[in-house]
Amino acid sequence: MAELTDTITFLGTAAARFVLIHQFLASGGAWLNLGDTQILLDPGPGSLVQVARRKLDPSKLDAIILSHKHLDHSGDINIMIEAMTDAGTKKRGMVFAPADALNQDPVILSYLRSYPQSIQVLTEDGSYTIDDVSFRTPVRHKHPVETYGFIFRTPRHTFSWITDTRYFEGLAGYYEGDLLIINVVRLNPGAPLDHLSLPEAGTIIEKLRPKTAILTHFGMTMWRARTWELAKKLTEETGVTVIAARDGLKFDLAQLDK
Ligand SMILES: [Zn+2]
């Protein structure tokens, strides 16, 4: 049997508005291949197209996780549930989403809610299991809709993903792991305050000191400032290896084991 690996493939690195609307960057979310477990996180607009382009098989998905219902994260959630369940002909897979993605003004259509094996509601300090992978949603983020970040645990690695949020005191302390992925929409702090900026990401990285940090989910100001140069600068400033994700980047967590 082949040795099991954990990889993360970025199916998109765009945040809402300009970068997404014009598809300067793709917005398909991320594919987590964790040993034998396949997870799709935040399938934004074009996720289906990006999955096909990367030759990934959505009928093999074990779970789809939604951090929050904003369209740049959820645009393709319905078609991806269809793809995971072979249009409802196979009852399989799990869906995880905050309550407000299912209740008021839902983004998951009613008619396909019976397709997956289960739909589980994410809550603050929740713990969830998908085969031999577990994840936690340690704190509700400060964002206009109900939003969670994640700590994933596989038999081999622990890593965190800090999704959309306004910066708040103690944010870094909720997360852990050798790898930290952060959604960094803005180059500079300031209004509108609902997203993290680059200096705030730097503060979080310095507090957590993971082996590697990956920046993603870029707005226009980040994109224009050349994300890879910003990452290089942050590496020099913090002493932590910081990478700017690009569309299609496949990160192998085995790199962290050295
Ligand atoms: Zn959002």
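What this report covers is the structure whose coordinates are included nearby. All values derive from a computational prediction rather than experimental measurement.

In this section: the sheet that holds strand 7 (residues 126-130). Spatially, the seven strands line up as an open sheet ordered 7-8-9-10-11-12-13, and their pairing is mixed. Where the open sheet ends on each side, the last strands, each with one partner, are strand 7 and strand 13 (241-244). Across the sheet, the mean angle separating the axes of adjacent strands is 20° when strand polarity is ignored. By the bridge criterion, four bridges tie strand 9 (residues 150-153) to strand 10 (residues 158-162) in an arrangement that is antiparallel. Bridge assignment links Phe 152 to a residue of strand 10, and that residue is Phe 159. Its contacts with the sheet put helix 5 (residues 198-208) on strand 10, strand 11 (179-183), strand 12 (212-216) and strand 13, and the angle it makes with strand 11 is roughly 165°. Strands strand 12 and strand 13 of the sheet are contacted by helix 7 (residues 227-238), whose axis makes an angle of about 170° with strand 13.

Relative to the helices and strands, Glu 146 resides in the loop between strand 8 (133-137) and strand 9. For Glu 146, a count of 20 C-beta atoms within 10 Å corresponds to the buried category. Distance in space between the C-alpha atoms of Glu 146 and Glu 176 is 21 Å, their sequence separation being 30 residues. In this view, Glu 146 contacts His 68, Pro 98, Ala 99, Asp 100 and Arg 140; residues no more than four positions away in its chain are not counted.

What counts, and at which threshold
Residues numbered from 1 in each chain as written. Predicted model: local features only at pLDDT ≥ 70, side-chain atom pairs only at ≥ 80, totals over all residues. Pairing = 2+ DSSP bridges. Helix = DSSP H or I, 4+ residues; strand = E, 2+ residues; numbered from the N terminus. Axes fitted to C-alpha atoms, helices over the stretch in contact; angles between N-to-C directions. Contact = placed C-beta atoms within 7 Å. Buried ≥ 20, exposed ≤ 12 C-beta atoms within 10 Å, placed from the backbone.

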